[in-house]
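# Notes for the structure review
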Amino acid sequence: MSDVPISHILFVSTALFFIGMYGLFTRRNMITMLMAIELILNSVNINFVVFNKYLYPENLDGIFFTIFIITIAAAEAAVAIAIIINLYRSHRSIDVENAGEMKW
Amino acid sequence: MNYSSYIALIPLLPLASFAVLGLFGKKYFKNLSGIIGCLVLLTSTLLSLYAAYHYFFVDGKINGSYQTLIPLKYTWLSFSDSLSIDMGIILDPISVMMLVVVTFVSLMVHIFSLGYMKGEERFGTYYSFLSLFTFSMLGLVVASNIFQIYIFWELVGVSSYLLIGFYYDRPSAVAASKKAFIVTRFADLGFLVGILILGFQSETLDFNTLIQRLTDIHSPQLLAIASTSFLGISLLTWALTLVFIGGAGKSAMFPLHIWLPDAMEGPTPVSALIHAATMVVAGVYLVARLFPVFHINEASLHVVTWVGAVSAFLAAVIACTQTDIKRVLAYSTMSQIGYMMFALGVSGYGGENARLTDAVGQGLGYTASMFHLFTHAFFKSLLFLCAGAVIHIVHSNDMKDMGGLRKLMPITSIAFLIACLAIAGIPPFAGFFSKEEILMAAWQNHPAIYYIGLITSGITAFYMFRLYFSIFWNRTPDSQLTTPLAADRVPPSALAVGQGLPKAQHHSEGTLSMKLPLVILAIGTLLVGFIPFSKFISPDGKPFVSEMHLTFSIVPVAIATIGIFIAYRLYFRRSDRPEKLAAALGGLYNAAYRKFYIDEIYLFITKKIIFNLVGKPAAWIDRNIVDGTMNGIAWTTGRISVLIKGVQSGRVQSYALYFFGGIVVLIIVFLYLWK
Amino acid sequence: MTTRKIFRSAIWLLFSLIGIAALYFWLQVEFIAAVQIIVYVGGIVVLIIFSIFLTQQSGNEMPKQPLKRTITSALAVLFGFGLTFLQIWKYNFQPSTKNFDWSVSKIGSQMLGTKAAGYALPFEVVSMLLLAAMIGCIVIAMKAPGSATSGKAKEEKLETIKEASEIEITINEITGT
């Protein structure tokens with residue numbers, strides 16, 4: 001399986017990354033935005049692992065990074081959900097346009 | 001004896017009084033401020049008299065000539081090693097004399113004001129302004145540095161502005177004070193330029209050094225300044241003429257005299273102090289101070305002489321027609337100062353070569369001018385204070401409302417008579433001696449000026465006695481009033497002088513504080529004529545003997561007597577001779593009554609020319625272009641901010657989009673454009 | 001990412017995550033794949049679905065974005081993608097030919113090792129972070145007692161606690177191994 005050139009996998013991960021960004025910019029629902037963020041994080045993970053495998057197989061740094069990223073992503077998702085719940089309580093909607101307190 | 005221990009107190013005490021009364025007078029002192037002001041002035045006067053006594057009689061003379069002493073000198077602002085503005089006190093004959101004059105007259109005015117301004121609400125402010133003025137004037141006369149004199153010059157202008165506009169709720173008073181300040185300020189522009197030229201060319205601002213450098217024939221500065229010429233006139237003439245313009249403005253010489261009659265809007269004691277005895281002689285004093293330099297330059301002396309003579313004559317003519325007693329006195333002041341000016345103009349200068357017996361060569365004109373300043377201070381302030389007493393009773397300035405006050409105000413009447421005799425030049429009153437000396441100097445030097453002076457003294461006698469008779473006599477015998485009357489008896493008529501009854505006579509002559517200065521000044525007027533002035537004051541400090549030539553004096557005295565007689569015929573009793581005379585003189589009378597339309601000319605120039613051509617465009621530019629630019633910038637900023645406002649939308653996703661866009665731009669920059 | 005119904009998009013996310021796990025398997029990093037499935041799929045997606053239910057919008061349609069926004073983002077994203085891919089295509093990656101030995105035991109020992117390539121310190125730090133996140137979630141989602149939505153809050157608290165504990169368990173599993 002190592003005859004798949006690295007660029008292909010990177011292509012996949014990049015595509016994932018940008019799809020996630022598109023979702024982040026476009027969606028109005030806060031929870032959907034969260035899902036898009038998860039997608040982005042995952043694409044980064046793939047990147048790490050791939051680089052580790054193809055370019056520096058003697059170290060395990062990429063793998064560790066990946067583990068940590070997964071962990072932290074989970075924590076961050078939890079906090080995000082908590083914030084969303086809070087906003088839902090005050091605005092009664094999870095539309096991100098309604099949370100315009102920072103507007104001029 | 002050490003002068004420096006007390007000489008600085010003379011001007012500084014009134015300054016302290018100004019500060020104290022100005023800050024606390026309204027709240028704490030009220031009526032006490034008058035007493036405080038008087039006490040302070042009394043101290044200053046005594047100190048000046050003591051200094052004068054010391055200077056003139058004890059140790060001022062060295063080798064037979066009066067020295068110029070500088071007891072105090074303090075470097076204030078130093079431009080370079082040689083050029084600096086010092087604050088110092090100079091003591092030479094004229095400054096000591098002026099110290100005495102200023103403090104004494106100021107003291108009289110302070111005492112008089114105790115009675116005159118009683119009940120005035122801003123009593124404390126009035127006295128603080130008086131003290132400020134006294135301080136400024138004293139500083140002016142003892143200034144040892146030409147810039148110091150300029151500083152005090154402006155201070156005097158400010159104090160007079162404050163005092164003239166004392167009744168600030170009267171628009172005429174406000175306008176008058178503005179006019180005074182602006183006209184004198186305009187003249188001071190010339191003064192400043194003159195100072196700068198003189199200071200620059202002689203590389204010093206100190207009076208002594210300046211005079212020495214510019215009068216020594218061999219000095220390089222004199223050579224430089226006399227040989228440089230601008231528009232065909234040497235720089236020295238320019239400088240001196242400009243300095244004289246400044247003096248002319250302050251002394252109300254033609255054509256900068258327009259402020260003086262209007263300045264009579266101030267309280268009468270103020271007029272006595274400022275416009276009789278002190279401020280208006282500042283110009284004369286300045287010329288006297290710089291007299292050695294003026295003497296070297298013939299052209300500027302001519303300017304001085306002719307301006308003085310023209311002013312004297314013009315003012316006398318105008319005074320004949322005025323009905324407001326204070327304005328008559330104002331024009332009389334202008335006339336007398338004209339005398340002082342042209343006396344300086346025709347003066348010689350002592351120096352080592354002059355014979356001691358040739359009075360004119362010794363500087364008779366200089367001495368006569370200073371002597372006349374001295375005596376004029378006495379009788380003119382006396383005249384003004386008497387006028388104040390009259391106005392206090394009659395509540396009107398106009399001659400038409402007065403007449404026959406002789407029995408009601410005996411002391412005032414006698415004092416007024418003494419002063420009028422003095423100013424007319426009748427022996428043995430003070431004015432006789434000083435006027436004779438002036439006329440003698442003019443006769444020796446420039447006969448044309450002598451004739452002008454002669455005719456003017458006749459006219460002076462005429463209008464002064466017109467004033468005197470109109471106020472104190474001029475009543476048909478059956479209506480001489482000895483008791484107070486009710487206020488509204490007979491309506492005043494508008495024709496000749498002195499036909500109506502006095503308007504309101506429900507006071508007595510005035511309090512003691514108002515009578516006392518009159519008496520003291522009257523006594524002074526009687527006596528000061530006998531001071532041998534030339535023994536004390538002469539241009540170079542060497543005393544000389546000036547003799548009185550009796551034969552010479554016959555002509556002026558005769559002319560003065562004729563003037564008095566004419567006034568007597570016209571005004572002693574109520575008659576219609578004045579109107580017939582006025583009608584006969586027709587146009588000339590009208591022109592004189594309207595002060596020769598000089599005011600109208602000034603108004604025309606300022607309104608039509610300066611306002612329209614300079615003021616209005618400047619205002620337009622300021623409003624539209626300057627303000628428009630500012631407004632335009634503000635408006636643009638506002639529009640831009642409205643446009644940018646949308647960026648802060650509060651939408652997180654927009655932020656993320658911009659964020660991403662920025663990153664992309666950075667990536668491109670770093671990859672492709674960063675070399 | 002483009003469905004309007006929110007529940008559906010959650011399911012798509014689920015499938016995506018499983019796909020990524022498959023990718024890991026293929027790259028012979030089975031451990032990571034396992035972690036991914038357990039944590040992501042089992043924890044986070046569940047969390048998301050819970051919150052969708054809690055905010056009661058699962059059935060509704062979501063409002064649409066203004067067209068300008070959609071097009072701008074699409075353009076931006078495509079542009080970024082193109083740029084990145086250009087870089088990748090141009091760059092000469094030199095794959096190494098060394099041997100690749102990623103057994104789980106090695107991962108474990110290295111993680112807790114304190115030598116040069118040891119990751120003990122980050123490990124501890126991350127534990128602290130998780131603790132903080134847990135407490136933070138509870139605080140943020142906490143509501144004053146006596147309000148209408150406190151029941152939901154309690155459910156939410158439970159959910160977050162469950163989530164965090166699952167992670168703990170995972171890590172403990174690793175250390176145990």
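In this text the structure is predicted, and so the values were computed from the model without any measurement. (Residues numbered from 1 in each chain as written. Chains lettered and ligands numbered in written order. Predicted model: local features only at pLDDT ≥ 70, side-chain atom pairs only at ≥ 80, totals over all residues. Heavy atoms only, no water.)

## Quick notes on the overall build of chain B
- Secondary structure summary: chain B contains 25 helices and 6 strands in total.
- Considering only contacts within chain B whose residues lie at least 6 apart along the sequence, 77% involve residues at least 24 apart.
- When the accessible surface of chain B is split by element, carbon and sulfur atoms take 69% of a total near 27800 Å². (Helix = DSSP H or I, 4+ residues; strand = E, 2+ residues; numbered from the N terminus. Contact = heavy atoms within 4.5 Å. Areas by Shrake-Rupley, 256 points an atom, 1.4 Å probe, with all protein chains shown as cover.)

## Here we look at the overall build of chain A
- A tally of helices and strands in chain A yields 3 helices and 0 strands.
- Order of helices (α) and strands (β) in chain A, N terminus to C terminus: α-α-α.
- Residue burial in chain A is summarised as follows: out of 104 residues, 63% are buried.
- For chain A, the proportion of contacts with a sequence separation of at least 24, taken over those separated by at least 6, is 62%. (Buried < 20%, exposed > 50% of the residue type's maximum accessible area, 1.4 Å probe, protein only.)

## Things to note about the packing of helix α18 (residues 430-445) of chain B against helix α19 (residues 447-472) of chain B
All names here are of chain B.
- Contact geometry for α18 and α19: axes closest at 6 Å, N-to-C directions at 150°. Put simply, α18 runs roughly antiparallel to α19. Residues K435, L439, A442, W443 and N445 of α18 form the contact with α19, whose participating residues are P447, I449, Y450, Y451, G453, L454, S457 and T460.
- Considering only residue class, the contact of α18 with α19 consists of 8 nonpolar, 4 polar and 1 charged. (Axes fitted to C-alpha atoms, helices over the stretch in contact; angles between N-to-C directions. Parallel < 35°, antiparallel > 145°, perpendicular 65-115°, else oblique. Nonpolar A, V, L, I, M, F, W, Y, C, P; charged D, E, K, R; others polar.)

## With respect to the pattern of salt bridges
All names here are of chain B.
- The final tally for this structure, using the stated rule, is 7 salt bridges over all chains.
- A salt bridge links D262 to R327; the shortest N-O distance between them is 3.9 Å. Pair noted here: D262 is in helix α10 (residues 259-262) and R327 is in helix α15 (residues 325-345), with a separation of 65 residues, a long-range link. Of the two residues, D262 and R327, neither departs from the other in class, the shared state being buried. (Salt bridge = Lys/Arg side-chain N within 4 Å of Asp/Glu carboxyl O.)

## Some thoughts on the environment of L260(B)
Residues and elements named next belong to chain B.
- When you line up the elements, L260 lands in helix α10.
- Taking the C-alpha atoms as reference, L260 lies 9.4 Å from K250; in sequence the two are 10 residues apart.
- Not counting chain neighbours up to four residues away, the residues in contact with L260 comprise A252, H275, V280, A330, T333 and M334.

## Thoughts on helix α17 (residues 410-424) of chain B
Residues and elements named next belong to chain B.
- Look at α17: 21 Å from first C-alpha to last across 15 residues, which is about the 21 Å you get at 1.5 Å a residue.
- Of all 15 residues in α17, 11 are buried, a share of seventy percent or more.
- Of all the residues in α17, the buried ones are T412, S413, A415, F416, I418, A419, C420, L421, A422, I423 and A424.
- One or two residues past the end of α17 sits G425, with phi positive at roughly 90°. (Expected span 1.5 Å × (residues − 1).)

## Looking at the packing of aromatic side chains
All names here are of chain B.
- The full count for this structure, using the stated rule, is 34 aromatic pairs over all chains.
- Geometrically, the ring pair formed by F135 and F152 is edge-to-face, given 5.5 Å between the ring centres and 75° between the ring planes. Of this pair, F135 sits in helix α4 (residues 123-141) while F152 sits in helix α5 (residues 146-164); the two residues are 17 residues apart in sequence, bridging distant segments of the chain.
- Classification of F135 by relative accessible area gives buried; the value is 10%. (Phe/Tyr/Trp six-rings, centres within 6.5 Å; stacked < 30°, edge-to-face > 60°.)

## Structural notes on a nonpolar patch on the surface
- Side chains of Y597(B), I601(B), F604(B), I605(B), I609(B), I610(B), F611(B), L613(B) and V614(B) sit close together on the surface and give an oily, nonpolar patch of about 860 Å² of accessible area.
- One can find V614(B) in helix α24 (residues 598-645). (Patch = residues over 30% accessible without salt bridge, like charges linked within 9 Å, V, L, I, M, F, W, Y side chains within 5 Å.)

## With respect to the confidence of the model for chain B
Residue and element names in this part refer to chain B.
- Averaged over every residue, the pLDDT of chain B is 77; the share at 70 or more is 81%.
- Confidence, expressed as mean pLDDT per element, reaches its minimum in chain B at strand β2 (residues 65-66) with 58 and its maximum at α5 with 89.
- Throughout residues 351-357 the model reports pLDDT below 50, and contacts reaching past four residues in sequence, or to other chains, amount to 9 contacts.
- Counted against residues more than four places away or in other chains, residues 476-507, with its pLDDT under 50, gives 61 contacts.
- Scored as a complex, the prediction yields pTM 0.65 and ipTM 0.78. (pLDDT = per-residue confidence, 0-100.)

## Remarks on the packing of helix α1 (residues 6-26) of chain C against helix α2 (residues 30-54) of chain C
All names here are of chain C.
- Taken N-terminus to C-terminus, the directions of α1 and α2 make an angle of 175°; their axes are 8 Å apart at the nearest point. Comparing their axes, α2 and α1 come out roughly antiparallel. Here α1 contributes I6, F7, A10, L13, L14, L17, I18, I20, A21, Y24 and F25 to the contact with α2, which in turn contributes E30, I32, A33, Q36, I37, Y40, V41, V45, I48, I49, I52 and F53.
- Residue composition of the contact of α1 with α2, grouped by class: 21 nonpolar, 1 polar and 1 charged.

## Let's talk about the state of the cysteines
- All told, the structure shown has 0 disulfides over all chains when counted by the stated rule.
- Sulfur of C420(B): no disulfide; nearest cysteine sulfur belongs to C386(B) and is 8.6 Å away. (Disulfide = S-S within 2.5 Å.)

## Describing the environment of P617(B)
- Assignment of secondary structure puts P617(B) in helix α24.
- In contact with P617(B), other than residues within four places in its own chain, are F611(B) and N612(B).

## Considering the environment of G453(B)
- As for its position among the elements, G453(B) is in helix α19.
- Remark: the alpha-carbon pair of G453(B) and K435(B), spanning 18 residues in sequence, is separated by 9.3 Å.

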